[in-house]
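Residue strings, one per chain:
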Amino acid sequence: MLPIPADIFTEPDDVSPDALANLGPLRHLAGVWQADKGVDVNPKAAGPERRVFREHIRMDPIDPQANGPQLFYGLRYHIHINTPEEDITFHDQVGYWLWEPATGLILQSVTIPRGQALLASGQAKPDDNSISVTAKRGDTRYGICSTEFLDEAFRTDSYSCGITFNADGSWTYLIETELLVKGQDRPFNHHDTNTLKRIEGPKLNPLAAILKDRAGQT
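Residues numbered from 1 in each chain as written. Predicted model: local features only at pLDDT ≥ 70, side-chain atom pairs only at ≥ 80, totals over all residues. Heavy atoms only, no water.

A. Just the packing of aromatic side chains, in detail. This model, assessed by the stated rule, comprises three aromatic pairs. Ring centres of Trp 33 and Trp 171 lie 5.8 Å apart, and the angle between their planes is 80°; on these two criteria the pair is classed as edge-to-face. Taken together, the residues span a long stretch of sequence, with Trp 33 in strand β1 (residues 31-42) and Trp 171 in strand β10 (residues 171-181) at a distance of 138 residues. There is no split in this pair, since Trp 33 and Trp 171 are both buried. (Phe/Tyr/Trp six-rings, centres within 6.5 Å; stacked < 30°, edge-to-face > 60°. Helix = DSSP H or I, 4+ residues; strand = E, 2+ residues; numbered from the N terminus. Buried < 20%, exposed > 50% of the residue type's maximum accessible area, 1.4 Å probe, protein only.)

Structural data, given as structure tokens:
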């Protein structure tokens, strides 16, 4: 992390409008992705359950985001998952992947419609072939927030997401959450993995699209 400057209000004035060109390692994630052989291992009363799932992910570049002098480029994402045996949504998730070029900071925000949100962080270089982020319960910066029921019945103590960018353009993730399930003495390793293939290329972020359109009219 860079030292906090004396001036915490002034935003940079030399910001590139092209998000796709400034995403660092996150550029590999831009676009629309799909796969049908994901594996989820989750806790049930009778013991661990293994389920195969179908996954669709959309990641769209957003305009540059500034916190005063701090500058992020990023992707807004939506994940939808279902299973071959059920039509109802198995998992839905929205959030952002963010990259701070000045420091190599990577952030992932996660929000799921069961009353849980988190912010995970990691470090990477622009040309890295893999990235990872983590969050821990109780951390006031990169932590996990859950409803009272989830915190009592299925408490999430830690979260990690590791992504490998494959040579064929696909990418593979492993997500692990350490759960303390009510009535059990030891934590449960809830994990998901999948390999996604691109089915649609990325779009320009809104500002870059506007500037491109203007340039085409002159």
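B. Examining the nonpolar core more closely. Core analysis: the largest hydrophobic core is formed by 36 residues, its most contacted members being Leu 26, Leu 29, Trp 97, Tyr 159, Ile 163 and Trp 171. Not counting chain neighbours up to four residues away, the residues in contact with Leu 29 comprise Met 59, Leu 75, Trp 97, Ile 163, Phe 165 and Trp 171. (Core = buried A, V, L, I, M, F, W, Y, C linked by side-chain atoms within 4.5 Å. Contact = heavy atoms within 4.5 Å.)

C. Quick peek at the pattern of salt bridges. For the coordinates displayed, the defined rule picks out seven salt bridges. Between Glu 86 and Arg 51 there is a salt bridge, with its nearest N and O atoms 3.5 Å apart. You can see Glu 86 sitting in strand β4 (residues 86-100) and its partner Arg 51 sitting in strand β2 (residues 49-67), a full 35 residues away along the chain. For Glu 86, a relative accessible area of 35% translates into the label partly exposed. Relative accessible area serves as the criterion here: at 13%, Arg 51 is assigned to the buried category. (Salt bridge = Lys/Arg side-chain N within 4 Å of Asp/Glu carboxyl O.)

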